[in-house]
2 protein chains.
Amino acid sequence: MNTIARHLIAEYYRCDLEIIDDLDAIRRHMLAATAVIGATVVGEAFHKFDPQGVSGTVVIAESHLSIHTWPESGYVAVDIFTCGGLDPRPGFLHLKEALGAGDARLQEIVRGLPDDLEARDRTLLPDDVQIITEVGQLV
Amino acid sequence: MNTIARHLIAEYYRCDLEIIDDLDAIRRHMLAATAVIGATVVGEAFHKFDPQGVSGTVVIAESHLSIHTWPESGYVAVDIFTCGGLDPRPGFLHLKEALGAGDARLQEIVRGLPDDLEARDRTLLPDDVQIITEVGQLV
């Protein structure tokens, strides 16, 4: 298997404050995002902070997803890292709706061995940084 | 608390093939990297793949660390995501040695709400993408 992986870096703004401070909801939405992209869960870890905020990760056979929420600011940071040819973008869209985000920002970077990247005419950051699209255009 | 977070994106090349296929070693080195940056562990999930490879995440009070290994290629991808003012770079250096990496590549991006970023004259990707340094210069 080659080492090429896609890594989505997602920022969600003006999210639903109740949802993003709810451990069970966050876990459920992250597992749903995992299912949406067709990934296989092999581990997970979620934590609720006092007084507020949730962090969590889902380890998948194809790498991982992570989430950190700042309910006091309505802000959520998500990463979706997939190898094996999985498209992570449907997971981004699923979470935008599930978190009640008023706005979002999405970027994709490429990870992997230089030889694998070169063979596919891809390069690591910063050359390969892409703003895939404004969210409105993607939906 | 502001939403500013530092996110290190690290690639390790020519790693020790035995170490990076050893679940216990990877878990131990990731927890040590967490300790080196002064972070507090609140959860973890590690998985060994068949026939080879290890993936894992450590959820910390200050966000998370993740690792994915490709023993067949000697390649390892790591993320160290820290909020609360923690410097993630000592964790990167710790793992470079622990994984027996012959070479590595490190980049830092900044995450957070636009207002918080602007107040500190920082911007999100791609403007803020930085190649911090060649590894040899950092040590």
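Residues numbered from 1 in each chain as written. Chains lettered and ligands numbered in written order. Predicted model: local features only at pLDDT ≥ 70, side-chain atom pairs only at ≥ 80, totals over all residues. Heavy atoms only, no water.

**Notes on the environment of B:His7**
Argument step 1. Summarising the element assignment, B:His7 is placed in strand 1 (residues 5-13).
Argument step 2. Among the residues examined, B:His7 registers a relative accessible area of 0% and is labelled buried.
Argument step 3. As for B:His7 and B:Ile37, which are separated by 30 residues in sequence, their C-alpha atoms are 13 Å apart.
Argument step 4. If near-sequence neighbours (up to four positions away) are discounted, B:His7 is found in contact with A:His7, A:Asp79, B:Asp79, B:Ile80, B:Phe81, B:Gln107, B:Glu108, B:Ile109 and B:Arg111.
Argument step 5. Separated by 2.6 Å, the side chains of B:His7 and B:Asp79 make a polar contact. (Helix = DSSP H or I, 4+ residues; strand = E, 2+ residues; numbered from the N terminus. Buried < 20%, exposed > 50% of the residue type's maximum accessible area, 1.4 Å probe, protein only. Contact = heavy atoms within 4.5 Å. Polar contact = N/O pair within 3.5 Å; in protein donor to acceptor, adjacent residues only side chain to side chain.)

**Considerations on a negative patch on the surface**
Argument step 1. A cluster of acidic side chains, namely A:Asp16, A:Glu18, A:Asp22 and A:Asp24, defines a negative patch on the protein surface.
Argument step 2. By secondary structure assignment, the location of A:Glu18 is in the loop between strand 1 (5-13) and helix 1 (23-36). (Patch = residues over 30% accessible without salt bridge, like charges linked within 9 Å, V, L, I, M, F, W, Y side chains within 5 Å. Areas by Shrake-Rupley, 256 points an atom, 1.4 Å probe, with all protein chains shown as cover. Salt bridge = Lys/Arg side-chain N within 4 Å of Asp/Glu carboxyl O. Lys, Arg positive; Asp, Glu negative; His and termini not counted. Charge placed at Lys NZ, Arg CZ, Asp CG, Glu CD.)

**Quick word on the relation of the copies chain A and chain B**
Argument step 1. Its rotation angle being 180°, the transformation that places chain A on chain B also includes 0.0 Å of axial translation and leaves an RMSD of 0.0 Å. Given the turn and translation reported, the copies of this chain are related as if by a two-fold rotation axis. Ranked by how close their C-alpha atoms come to the rotation axis, the residues of chain A are headed by A:Ala45, at 3.0 Å.
Argument step 2. Of all interface residues in chain A, 100% are interface residues in chain B too; the two copies therefore contact each other through one and the same surface. (Least-squares fit on C-alpha atoms with pLDDT ≥ 70 in both.)

**Overview of the interface of chain A and chain B**
Argument step 1. Tallying the contact residues gives 45 residues for chain A and 45 residues for chain B.
Argument step 2. When the two sides are added together, the surface that chain A and chain B hide from each other amounts to roughly 3,400 Å², 68% of it contributed by carbon and sulfur.
Argument step 3. Along the contact surface separating chain A from chain B lie four salt bridges.
Argument step 4. The residue B:Arg111 makes a salt bridge to A:Asp79 at a minimum N-O spacing of 3.0 Å.
Argument step 5. At the boundary of chain A and chain B, one finds 13 residue pairs in polar contact (both at pLDDT 80 or more).
Argument step 6. Sorting the residues of the side of chain A that touches chain B by element identifies strand 1, strand 2 (41-48), strand 3 (54-60), strand 4 (63-70), strand 5 (75-83) and strand 6 (103-111) of chain A as the ones contributing at least two each.
Argument step 7. Counting residues per element, the side of chain A that touches chain B draws most heavily on strand 5 of chain A, which supplies six residues.
Argument step 8. Among the residues forming the side of chain A that touches chain B, the class breakdown is 24 nonpolar, 15 polar and six charged. (Buried area = accessible area lost by both parts, 1.4 Å probe. Nonpolar A, V, L, I, M, F, W, Y, C, P; charged D, E, K, R; others polar.)

**Comments concerning the pattern of salt bridges**
Argument step 1. According to the stated counting rule, one finds 14 salt bridges over all chains in the structure shown.
Argument step 2. Here B:Arg6 ties to B:Asp87 by a salt bridge, and the two come within 3.7 Å at their closest N and O atoms. Pair noted here: B:Arg6 is in strand 1 and B:Asp87 is in the loop between strand 5 (75-83) and helix 2 (89-98), with a separation of 81 residues, a long-range link.
Argument step 3. The partner of B:Glu44 in a salt bridge is B:Arg27, and the shortest N-O contact between them spans 2.5 Å. Pair noted here: B:Glu44 is in strand 2 (residues 41-48) and B:Arg27 is in helix 1 (residues 23-36), with a separation of 17 residues, a long-range link.
Argument step 4. Overlapping salt bridges bring together A:Arg6, A:Asp87, A:Arg89 and A:Glu108 as one network.

**Considerations on the side chain of A:His68**
Argument step 1. Here A:His68 is to be found in strand 4.
Argument step 2. Of the polar contacts made by the side chain of A:His68, one reaches the side chain of A:Ser55; its length is 2.7 Å.
Argument step 3. Among the polar contacts made by the side chain of A:His68, one reaches the side chain of B:His64 at a distance of 2.7 Å.
Argument step 4. Leaving out residues up to four positions away in the same chain, A:His68 has contacts with A:Val54, A:Ser55, A:Tyr75, A:Val76, A:Ala77, B:Ser63, B:His64 and B:Phe81.

**Points about the packing of aromatic side chains**
Residues and elements named next belong to chain A.
Argument step 1. Evaluated as defined, the whole model comprises six aromatic pairs over all chains.
Argument step 2. Centroid distance Trp 70 to Tyr 75: 5.1 Å. Interplanar angle 40°. Geometry classified as tilted. Accessibility assignment for this pair places Trp 70 and Tyr 75 in one class, buried.
Argument step 3. A network of ring pairs unites the aromatic residues Tyr 13, Trp 70 and Tyr 75 as a single cluster. (Phe/Tyr/Trp six-rings, centres within 6.5 Å; stacked < 30°, edge-to-face > 60°.)

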